Structures are given as C-alpha cells and as structure tokens.
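Working through the structure, step by step
Letter by letter, the chains look like this.
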Amino acid sequence: AMRETGKDPLIRDAPLTEKGKTQAAKARDVLAALRGRVESGLPPTERQWLLVVSPLRRALDTAAGVWPEAFWQRSGSLSETYVRTEVWPEVRETMTGCDDLGSSPRILAEAYPQLAPQLSTLPNVWWTVPSELRHLPAEGEEMRAAYIKDPDAFEDADDAAMDARVAAIISKFVQSSEQLIVVVAHCNLI
C-alpha cells in the first residue's frame with residue numbers, strides 16, 4: 001500500500017496484500033524449479049533445507065505462498081526432502097513504516113499454530129523499539145501511537161541496531177547444519 005500511495009497507511013504488521021499473494025503464488029513455481037535443479041544432483045540424505053522467515057505477517061504469508069509444503073508441515077511429517085522452518089526476527093525489514101511494528105508471539109501463534117513452539121521463544125517485542133519506549137506493551141495501540149508520534153525515533157534506533165542484526169544473521173547461518181537455505185523477508189534488508 002505504501003509503494004502505491006507514497007504514504008504510510010499506518011497499519012501495524014500489515015498482512016500480505018492480494019498483489020503480494022499473487023506474486024508469492026508465481027514465485028512458488030520458480031522456487032520449486034530451483035529446488036528441483038539443486039536436489040537433482042544430491043542424494044536424499046543431503047536434501048536438507050532451512051527455510052528462514054521473518055516474523056512479520058507479510059513475510060510469514062509469503063513463505064506460506066512460496067513453499068506451503070514446508071511452511072505448513074507439522075513436526076514428524078515425512079518427505080524425501082527435509083525442511084526445517086525457523087522464524088528469525090533478525091531478518092525483518094528495516095523500520096520504515098508502521099507496518100514494521102510486529103505482532104506479539106501470542107498473536108502470531110494464533111495465526112500460525114505450527115510455529116507456536118518457536119514463536120514462544122521470541123521476546124514479546126522482537127522488533128526495534130527506542131530504549132525510552134521499551135516499557136510499552138507488545139499488544140494494543142500504545143506502540144502504534146508512539147510510532148505515529150515519532151517515527152524517526154524508531155527508524156534511528158533500528159539503524160543503530162543494524163550491524164548487530166546482520167552479525168546475528170551471519171552467525172546463525174554459520175551455525176546452521178543445512179547448506180540449502182531459503183530466506184523469506186521483505187524489502188530493505190537483503
């Protein structure tokens with residue numbers, strides 16, 4: 001919505017738009033073809049993927065659209081290809097609008113119950129908040145109102161934290177046992 005109008009519609013943790021859902025559906029075939037090419041040269045024991053997703057709802061919805069078999073799988077499901085899905089707050093977008101204020105793990109777990117165990121490990125506020133506003137609750141309108149009042153404070157705090165976020169992402173990649181990794185995030189990070 002922001003790209004079309006140039007104005008922040010002030011929707012907190014905006015869901016994926018219909019246009020985004022259409023784009024994700026188209027990307028599904030592209031990703032499936034790429035995975036097929038990669039896996040064709042690998043024995044089944046080496047077909048181990050890591051699907052990394054930002055906890056912003058539009059990224060979670062995109063992951064569900066581009067690789068639904070991996071995103072919606074329940075633990076213990078059988079497949080020739082092993083996929084582990086992880087939610088990493090570090091791969092979220094940079095703070096450029098109200099839609100970059102996240103949802104609490106409780107709210108996300110209601111929408112994505114298969115991710116509830118790992119969402120429960122996230123802090124209630126996993127997105128960047130200026131230090132003087134860290135007392136605000138994760139849920140409700142206070143966080144959104146604070147952003148509307150002073151968006152620069154949120155964006156400056158996020159800019160200041162960027163180097164640490166990128167270092168954390170790199171560290172997690174290095175620690176991952178999978179060599180085949182798909183990252184689903186939205187603009188201004190990758």
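Anything mentioned here points back to the structure above.
The rules we used
Residues numbered from 1 in each chain as written. Predicted model: local features only at pLDDT ≥ 70, side-chain atom pairs only at ≥ 80, totals over all residues. Heavy atoms only, no water. Helix = DSSP H or I, 4+ residues; strand = E, 2+ residues; numbered from the N terminus. Rg over C-alpha atoms; globule rule 2.2 N^0.38 Å. Contact = heavy atoms within 4.5 Å. Buried < 20%, exposed > 50% of the residue type's maximum accessible area, 1.4 Å probe, protein only. Arc of directions from axis to C-beta. Salt bridge = Lys/Arg side-chain N within 4 Å of Asp/Glu carboxyl O. Core = buried A, V, L, I, M, F, W, Y, C linked by side-chain atoms within 4.5 Å. Pairing = 2+ DSSP bridges.

To continue, consider the overall build of the protein chain. Scanning the protein chain from terminus to terminus reveals eight helices and three strands. For the protein chain, the succession of helices and strands along the chain, N to C, is α-α-β-α-α-β-α-α-α-α-β. Taking 2.2 N^0.38 as the reference for a compact globule, 190 residues should give roughly 16 Å; the C-alpha atoms of the protein chain span a radius of gyration of 17 Å, in line with that estimate. Referenced to the eigenvectors of the C-alpha coordinate spread, the extents of the protein chain come out at roughly 55 × 35 × 30 Å. Sequence separation of 24 or more characterises 77% of the internal contacts of the protein chain that already satisfy a separation of 6 or more.

The complete set of buried residues in helix α7 (residues 142-149) reads Met143, Ala146 and Tyr147. Along the axis of α7, the buried residues cluster in a sector spanning 100°; they form a single face. Residues of α7 that are buried sit in contact with α8 (151-175).

To continue, consider the pattern of salt bridges. Using the criterion set out here, one finds 14 salt bridges in the structure. The partner of Glu18 in a salt bridge is Lys21, with the nearest N and O atoms 3.4 Å apart. With a gap of three residues between them, Glu18 and Lys21 both fall in helix α2 (residues 18-40), about one helical turn apart. For Glu18, a relative accessible area of 57% gives the class exposed. Residues participating in the shared-partner salt-bridge network are Arg58, Glu93, Asp99 and Asp100.

This part is about the nonpolar core. If you look at the biggest cluster of nonpolar residues, it comprises 38 residues, and the most contacted ones within it are Leu51, Leu60, Trp67, Leu101, Trp127 and Phe154. Elements supplying a minimum of two residues to this core: α2, β1 (48-53), α3 (57-66), α4 (68-71), β2 (82-87), α5 (105-111), α7 and β3 (180-184). Per-element tally for this core: the top contributor is α3, with five residues. Excluding anything up to four places from it in sequence, Phe154 contacts Met95, Leu101, Thr128, Val129, Pro130, Leu133, Met143, Ala146 and Tyr147. Among the nonpolar cores identified, the runner-up in size contains five residues, and Leu50, Val52, Val91 and Ile169 belong to it.

What follows deals with the side chain of Asp100. On the secondary structure map, Asp100 appears in the loop between β2 and α5. Judged by its relative accessible area of 2%, Asp100 falls in the buried class. The residues contacting Asp100, other than those within four sequence positions of it, are Leu56, Arg58, Glu93, Thr94, Met95 and Trp127.

Here we come to the pairing of β3. It is a general feature of regular strands that their side chains alternate between the two faces of the sheet. Judged by which residues are buried, β3 turns out to be one-sided: Leu180, Val182 and Val184 face inward and are buried, whereas Ile181 and Val183, on the alternate face, are not. Here β1 pairs with β3 via five bridges, running parallel. Bridging across to β3, Trp49 finds its partner in Leu180.

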